[in-house]
Amino acid sequence: MKPVLLINPNSSDATTATMVAIAGRHLADVQGWTNRAAPMMITEPKALAVAADQVAGADLPEARGVIVAAFGDPGALALSQRLTCPVIGIGAAAARTAAADGARFAVATTTAALRTSIDALMCDFGTEGSYLGSFMTPGDPQDLLADPAALDAALLDACAEARTAGAERVIIGGGPLAEAAARLTAQVDIPLVQPLPEACKAIAAHLC
């Protein structure tokens, strides 16, 4: 059986391994692929655009489905047009889930420089609900990622701001934030949407 290919558009093998482990809780036979030409973490629009081109043109192993596991979904649309298997971006999957039933939703994440890109993606795929915007943690995203306790605290603050603004669901936005999203689910009093598991569910539905 061909694997499900999890593409990490960032260059961190450790992040790829973490996301493959999380995806493996939802799907059988997940294989990781790391974009080693990218930064360790995509934090600004130019890097996101370059990663989109790199992912779109990558020489990939055969797969029965592909997950693009960065929140901006770089290269996902181009891959879906090029490949015959289903291609799901974690951002689009999260937006569809968060917007279900007309819910008001928001994003909590660490990459303030990507706000415009995130907002555009959420509006493209969250059309059934009311998107309230993205709520950003302060400080350097990579410094936060290296300190799980500080990351969790900052994301909890961002979730609280989103709830105060009227959000009924909050997406924890980022492939590298997949572990944090799992940790925080029980600590927030509105539903948290975890992008990677939602993408896994969407792939599984296509493969049935």
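Trainee: Where do I start with the pattern of salt bridges in this structure?
Mentor: Close approach of charged atoms allows side chains with opposite charge to pair. What the rule picks out here adds up to seven salt bridges. With a closest N to O distance of 3.4 Å, Lys2 and Glu62 form a salt bridge. Taken together, the residues span a long stretch of sequence, with Lys2 in the segment before strand 1 (4-8) and Glu62 in the loop between helix 2 (45-56) and strand 3 (65-68) at a distance of 60 residues. The partly exposed category is assigned to Lys2, whose relative accessible area is 43%.

Trainee: How do you make sense of empty space enclosed by the protein when you look at a structure like this?
Mentor: It is a probe the size of a water molecule, rolled over the atoms, that shows where empty space is left. Within the structure shown, the criterion is met by one cavity of 30 Å³ or more. In this structure, the largest cavity encloses a volume near 180 Å³. For the largest cavity, the lining is made up of 18 residues, of which Ile42, Phe71, Gly72, Thr111 and Leu114 are closest to its centre. Classifying every residue of the lining of the largest cavity by side-chain character gives nine nonpolar, nine polar and no charged.

Trainee: Sorry, what's going on with unusual backbone geometry here?
Mentor: Across the chain, the bulk of peptide bonds are trans and the bulk of non-glycine residues have phi less than zero. In this model, Asp73 sits at a positive phi of 55°, which is unusual for a non-glycine residue. Tracing the sequence through the fold places Asp73 in the loop between strand 3 and helix 3 (76-82).

Trainee: Would you mind going over the pairing of strand 2 (residues 30-34) with me for this structure?
Mentor: Note on strand geometry: in a regular strand, side chains alternate between the two faces of the sheet. As paired elements, strand 1 and strand 2 share five bridges and run parallel to each other. Within strand 2, the position partnered with Ile7 by the bridge is Trp33. Viewed along the sheet, the connection from strand 1 through helix 1 (residues 13-23) into strand 2 turns out right-handed.

Trainee: Help me understand the pairing of strand 7 (residues 169-172) in this model?
Mentor: Of the two faces of strand 7, the one holding Arg169 and Ile171 and the one holding Val170 and Ile172 are both buried throughout. As defined by bridge partners, strand 5 (residues 104-109) adjoins strand 7 across four bridges and the pair is classed as parallel. Of the residues in strand 7, the one forming a bridge with Ala106 is Val170. Across two bridges, the pairing between strand 7 and strand 8 (residues 192-193) is parallel. Bridge assignment links Val170 to a residue of strand 8, and that residue is Leu192. In terms of handedness, the path from strand 7 via helix 8 (residues 178-184) over to strand 8 forms a crossover that is right-handed.

Trainee: Would you explain the layout of surface pockets in this entry?
Mentor: Here the largest pocket defines a volume of roughly 310 Å³. Lining the largest pocket we find 17 residues, and of these Thr15, Leu145, Ala146, Pro176 and Glu179 sit closest to its centre. Going through the elements one at a time, helix 1, helix 6 (141-145), helix 7 (148-164) and helix 8 are the ones with two or more residues in the lining of the largest pocket. When residues in the lining of the largest pocket are grouped by element, the largest group, four residues, is from helix 8. In the lining of the largest pocket, the residues fall into 10 nonpolar, five polar and two charged. Residue lining of the second largest pocket: 13 residues in total, with Asp73, Ala76, Leu77, Ala92 and Phe125 positioned closest to the centre. Contributions of two or more residues to the lining of the second largest pocket are made by helix 3, strand 4 (87-89), helix 4 (90-98) and helix 5 (115-125). By residue number, the principal contributor to the lining of the second largest pocket is helix 3, which donates four residues.

Trainee: For this particular structure, what's the right way to read the sheet that holds strand 2?
Mentor: In a beta sheet, neighbouring strands are held together by backbone hydrogen bonds and run either parallel or antiparallel to one another. Pairing within the open sheet is parallel, and its four strands lie in the order 2-1-3-4. Edge strands, defined here as strands with exactly one partner in the open sheet, are strand 2 and strand 4. Strand-to-strand twist of the sheet, defined as the mean angle between neighbouring strand axes without regard to direction, takes the value 20°. Sheet topology places strand 1 next to strand 3; four bridges connect them, and they run parallel. If you follow Leu5 over to strand 3, its bridge partner there is Val66. Across the sheet, helix 9 (residues 195-207) lies against strand 1, strand 3 and strand 4, angled at about 160° from strand 3, the strand it touches most.

Calculation notes
The numbers attached to residues start from 1 for each chain and follow its sequence in the written order. Under the rules for a predicted model, residues below a pLDDT of 70 receive no local features and side-chain atom pairs below 80 are neither given nor counted, while totals for whole chains, interfaces and linings still include all residues. With hydrogens and water set aside, each side-chain value is computed from the structure's full complement of heavy atoms. Salt bridges are identified by distance alone: a Lys or Arg side-chain nitrogen within 4 Å of an Asp or Glu carboxyl oxygen. Helix numbers and strand numbers start at the N terminus; a helix is a DSSP run of H or I with at least 4 residues, a strand a run of E with at least 2. Only protein chains enter the calculation, and the probe is 1.4 Å; a residue is then buried if its accessible area is under 20% of its type maximum, exposed if over 50%, and partly exposed in between. Site definitions follow a grid-based scheme: protein atoms alone, a 1 Å grid, a 1.4 Å probe that fits but cannot get out for cavities, and for pockets an open set with protein on both sides within 12 Å along at least five of seven lines, plus lining residues having an atom within 4 Å of a point. Grid points are joined across faces, edges and corners, and a volume is the space filled by probe spheres set on the points. The residue classification treats Ala, Val, Leu, Ile, Met, Phe, Trp, Tyr, Cys and Pro as nonpolar and Asp, Glu, Lys and Arg as charged. All others, Gly included, are polar. By definition, two strands form a pair when at least two bridges between them are found by DSSP. A clockwise path from the first strand over the helix to the second, with the strands pointing away from the viewer, defines a right-handed crossover. Fitted lines through C-alpha atoms give the axes, limited to the stretch in contact for helices. The angle between two N-to-C directions lies from 0 to 180 degrees. Contacts are assigned to residue pairs with any non-hydrogen atoms lying within 4.5 Å of each other.

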